Amino acid sequence: MPRVDVELPSVLTGLLGVPRVVPVEASCLADALRELSELHPTIDVHLFDETGGFREHVLCFHNETNTRWLDGTDVALADGDRITIMQAVSGG
Amino acid sequence: MSADHARYHRQTLLPAIGAEGQRQLGEAHVLIVGSGALGCVIADALTRAGVGRITIVDRDVVEITNLQRQILFDESDVDAGTPKAIAAATRLRAINGAIEIIAHVDDFNHRNAERLLGDADVIVDGLDNFQTRYILNDLAVERGVAYIYGGAVATGGVSLPVLPHADVRMAAPPRRLTWTDAQSTPCLRCVFPEAPPPGTTPTCDTAGVLGPLVMTIGAHQATQTLKLLTGNIDALDRRLLSIDVWSNEWRRFDVSGARRDARAACPCCVEGRFEHLDGSAAGAAITLCGRNAVQMTGAAETSALDLDAAAARLASHGSFHANDFLLRGVFRDERGPDGDAIELTLFSNGRAIIKGTTEPELARSIYARYVGI
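Residues numbered from 1 in each chain as written. Chains lettered and ligands numbered in written order. Predicted model: local features only at pLDDT ≥ 70, side-chain atom pairs only at ≥ 80, totals over all residues. Heavy atoms only, no water.

**Here's the deal with the pattern of salt bridges**
Residue and element names in this part refer to chain B.
And step 1. For the structure shown, the criterion picks out 28 salt bridges over all chains.
And step 2. Among the salt bridges present, the one from E20 reaches R23, with a minimum N-O distance of 2.5 Å. On the criterion of helical spacing, the pair formed by E20 and R23 is a turn pair, its members being 3 residues apart in helix α3 (residues 18-26).
And step 3. The partly exposed category is assigned to E20, whose relative accessible area is 44%.
And step 4. Here R23 falls in the partly exposed class, since its relative accessible area comes to 40%.
And step 5. Residue E114 is joined to R143 by a salt bridge in which the shortest nitrogen-to-oxygen separation is 2.5 Å. Placement of the pair is E114 in helix α7 (residues 113-117) and R143 in helix α8 (residues 130-143), with a sequence separation of 29 residues.
And step 6. Residue classification places E114 among the partly exposed residues on the basis of a relative accessible area of 32%.
And step 7. Judged by relative accessible area, which is 17%, R143 ranks as buried. (Salt bridge = Lys/Arg side-chain N within 4 Å of Asp/Glu carboxyl O. Helix = DSSP H or I, 4+ residues; strand = E, 2+ residues; numbered from the N terminus. Buried < 20%, exposed > 50% of the residue type's maximum accessible area, 1.4 Å probe, protein only.)

**Focus on the interface of chain A and chain B**
And step 1. The interface is formed by 27 residues belonging to chain A together with 50 residues belonging to chain B.
And step 2. In total, about 3100 Å² of surface goes out of reach between chain A and chain B, with carbon and sulfur atoms giving 58% of it.
And step 3. Looking at the side of chain A facing chain B, the largest losses of area belong to A:W69, A:S90 and A:G92, adding up to 23% of the total buried there.
And step 4. Where chain A touches chain B, the interface holds 2 salt bridges.
And step 5. Where chain A touches chain B, the interface holds 13 residue pairs in polar contact (both at pLDDT 80 or more). (Contact = heavy atoms within 4.5 Å. Buried area = accessible area lost by both parts, 1.4 Å probe. Polar contact = N/O pair within 3.5 Å; in protein donor to acceptor, adjacent residues only side chain to side chain.)

**Observations concerning the nonpolar core**
And step 1. Among the nonpolar cores identified, the biggest contains 115 residues, and A:I85, B:F108, B:I123, B:Y149 and B:F192 are the most heavily contacted of them.
And step 2. If sequence neighbours within four positions are ignored, B:F192 has contacts with A:E56, A:H57, A:L59, A:R68, A:M86, A:Q87, A:A88, B:Y134, B:Y149 and B:L240.
And step 3. Formed by 24 residues, the second largest nonpolar core is a distinct cluster that contains B:F320, B:A352, B:L362 and B:V371. (Core = buried A, V, L, I, M, F, W, Y, C linked by side-chain atoms within 4.5 Å.)

**Section: the environment of A:V4**
Residue and element names in this part refer to chain A.
And step 1. Tracing the backbone through its elements, the reader meets V4 in strand β1 (residues 3-7).
And step 2. Here V4 falls in the buried class, since its relative accessible area comes to 2%.
And step 3. With 55 residues separating them in the primary sequence, V4 and L59 have C-alpha atoms 18 Å apart.
And step 4. Ignoring any residue separated from it by four or fewer positions in sequence, one finds V4 in contact with V22, P23, V24, L77, A78, D81 and I83.

**Observations concerning the packing of aromatic side chains**
And step 1. Under the counting rule described, the total for this entry stands at 6 aromatic pairs over all chains.
And step 2. On the basis of an interplanar angle of 40° and a centroid distance of 5.1 Å, the ring pair of A:F48 and A:F54 is categorised as tilted.
And step 3. When the ring of B:F320 is compared with that of B:F331, the centres are 5.0 Å apart and the planes differ by 65°; the resulting orientation is edge-to-face. Remark: B:F331 occurs in strand β12 (residues 326-335) and B:F320 occurs in strand β11 (residues 318-322); sequence separation between them is 11 residues. Both residues of the pair, B:F320 and B:F331, belong to the buried class.
And step 4. What links up through ring pairs into an aromatic cluster is the set B:F130, B:Y134 and B:Y149.
And step 5. B:R189 extends its terminal NZ or CZ atom over the ring of B:Y134, reaching a point 5.8 Å from the ring centre. (Phe/Tyr/Trp six-rings, centres within 6.5 Å; stacked < 30°, edge-to-face > 60°. Lys NZ or Arg CZ within 6 Å of the ring centre and 35° of its normal.)

**A short note on the sheet that holds strand β5 (residues 82-87) of chain A**
All names here are of chain A.
And step 1. Read from one edge to the other, the open sheet built from 5 strands follows the order β2-β1-β5-β3-β4, with strand pairing classed as mixed. Strands with a single pairing partner mark the edges of an open sheet, and in this sheet they are β2 (21-25) and β4 (65-66).
And step 2. Of the pairings in the sheet, the one linking strand β3 (residues 58-62) to β4 comprises 2 bridges and is antiparallel in character. Directly across from F61, in β4, lies its bridge partner N66. (Pairing = 2+ DSSP bridges.)

**Things to note about the domain arrangement of chain B**
Residue and element names in this part refer to chain B.
And step 1. When its domains are assigned, chain B resolves into domain 1 (3-261) and domain 2 (285-371).
And step 2. Taking only C-alpha atoms, the centre of domain 1 and the centre of domain 2 are 29 Å apart.
And step 3. On the domain 2 side, the residues contacting the 14 residues of domain 1 number 15 residues.
And step 4. In total, domain 1 and domain 2 occlude about 1400 Å² of area from one another, counting both sides; carbon and sulfur atoms represent 48% of this.
And step 5. The three residues of domain 1 that bury the most area against domain 2 are P198, D205 and T206, which together make up 39% of that side's buried surface.
And step 6. The residue D107 makes a salt bridge to R364 at a minimum N-O spacing of 3.3 Å.
And step 7. Put simply, domain 1 and domain 2 have 3 residue pairs in polar contact (both at pLDDT 80 or more) between them.
And step 8. Broken down by class, the residue content of the side of domain 1 that touches domain 2 amounts to 2 nonpolar, 6 polar and 6 charged. (Domains from an automatic or database assignment. Nonpolar A, V, L, I, M, F, W, Y, C, P; charged D, E, K, R; others polar.)

**Side note on a negative patch on the surface**
Residue and element names in this part refer to chain B.
And step 1. A cluster of acidic side chains, namely D338, D340, E359 and E361, defines a negative patch on the protein surface.
And step 2. Counting through the fold element by element, D340 comes out in the loop between β12 and β13 (341-347).
And step 3. Taking the relative accessible area as the measure of exposure, D340 reaches 32% and is therefore partly exposed. (Patch = residues over 30% accessible without salt bridge, like charges linked within 9 Å, V, L, I, M, F, W, Y side chains within 5 Å. Areas by Shrake-Rupley, 256 points an atom, 1.4 Å probe, with all protein chains shown as cover. Lys, Arg positive; Asp, Glu negative; His and termini not counted. Charge placed at Lys NZ, Arg CZ, Asp CG, Glu CD.)

**As for helix α6 (residues 84-95) of chain B**
An α-helix turns once per 3.6 residues; consequently, residues spaced three or four apart project the same way.
And step 1. Between its first and last C-alpha atoms α6(B) spans 16 Å; for 12 residues at 1.5 Å apiece the expected length is 16 Å, and the two agree.
And step 2. Looking only at α6(B), the buried set comprises B:K84, B:A85, B:A87, B:A88, B:A89, B:L92 and B:I95. (Expected span 1.5 Å × (residues − 1).)

**Some thoughts on helix α11 (residues 211-229) of chain B**
And step 1. In a regular helix each residue adds 1.5 Å, so 19 residues correspond to 27 Å; α11(B) covers 27 Å between its end C-alpha atoms and thus fits that length.
And step 2. A positive backbone phi angle near 80° is found at B:G231, which sits one or two residues after α11(B).

What follows is the structure in structure tokens.
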């Protein structure tokens, strides 16, 4: 099973007490996100909407590719891949 | 050496600026919306650089909690209760009396957006909420004006330049600052189609904010603006910048495909629907008759607001308690125009009643800062 790192937005991790980088074992992106939810359920409401998809102010990159522009989260992962989740920031 | 020549000498030494770039800066007009932490940094940098006209719009008054990061203000502004736009303009005129500073103490909204824009060449974002940011984005796309988004909270921030495509631009007088279609970028809604639902993203009032972070993001926004105004459009950082100054992470994401590759066409810069600028997407702020209260409904409702978590985030600002249906509490340091304490009742779908004021602008500000939109 590939081991990948899921990097979370720092504006959330500090507030929720969740690690900045969460290592998971998953064969596809959907499984990696499911694993993330199981490990840190408090972050769900901030990232995902009622349908389970990413909220519209959240971006998810698989390595350098924005996954919003893919057909789904059935994306094969390879050992060492990086999933980066970032979000729009409101304050100023 | 003339005074103007001496003032800008270290800047005109830069080959990318030179005397011609300095002349372009002197003829430019920049609109800065929001004179909080980011707005102060941006206005300070552009004033020192010699941008000929700077318009500043802000609805708030300087408070003691601002001084940690809002670099144009001091204790005398707090004591006098000076509006931020006025305090900023006073300080900026003292820094550079050779340029024009225009201050508006006003809530920037869909009704006054086009009037306040005037003939500005660039809109720079010093805001604290998404509702108004999407108005800026609509305005920029509709009028063909460059827009520099920036946001900062806790120790992390982001910035993105928007050079709108010409496809849906309204017929308008030609602007001084132009760019080619190849130099155009996706707009803010291509990258972030909708604002965060209430309560799903931290604000500076609930998560805090580090002073040097806003200086870093504001400096990036100001640099982007100077590149545009001096015609160095190809030097623009076109990526989405995301930094965390505490964990020492600087990331730049390529979002150039956002407009072309999106599964749903951007309602703003592809379909030409300016629902934030025409007011149809605005969340309502309704003064409740005879109750000294304003009801806020978000533009996007949520059914997932975690009221216990919201109460915990607000704990340092007063006494707040949540049950299965609502959160209620009183802010320790917030007061309405008549000195009444401000009470917040927040429902799990994001609707809120803000008691202690009948002013929608104040209610919107409280909601943006403590609930988040």
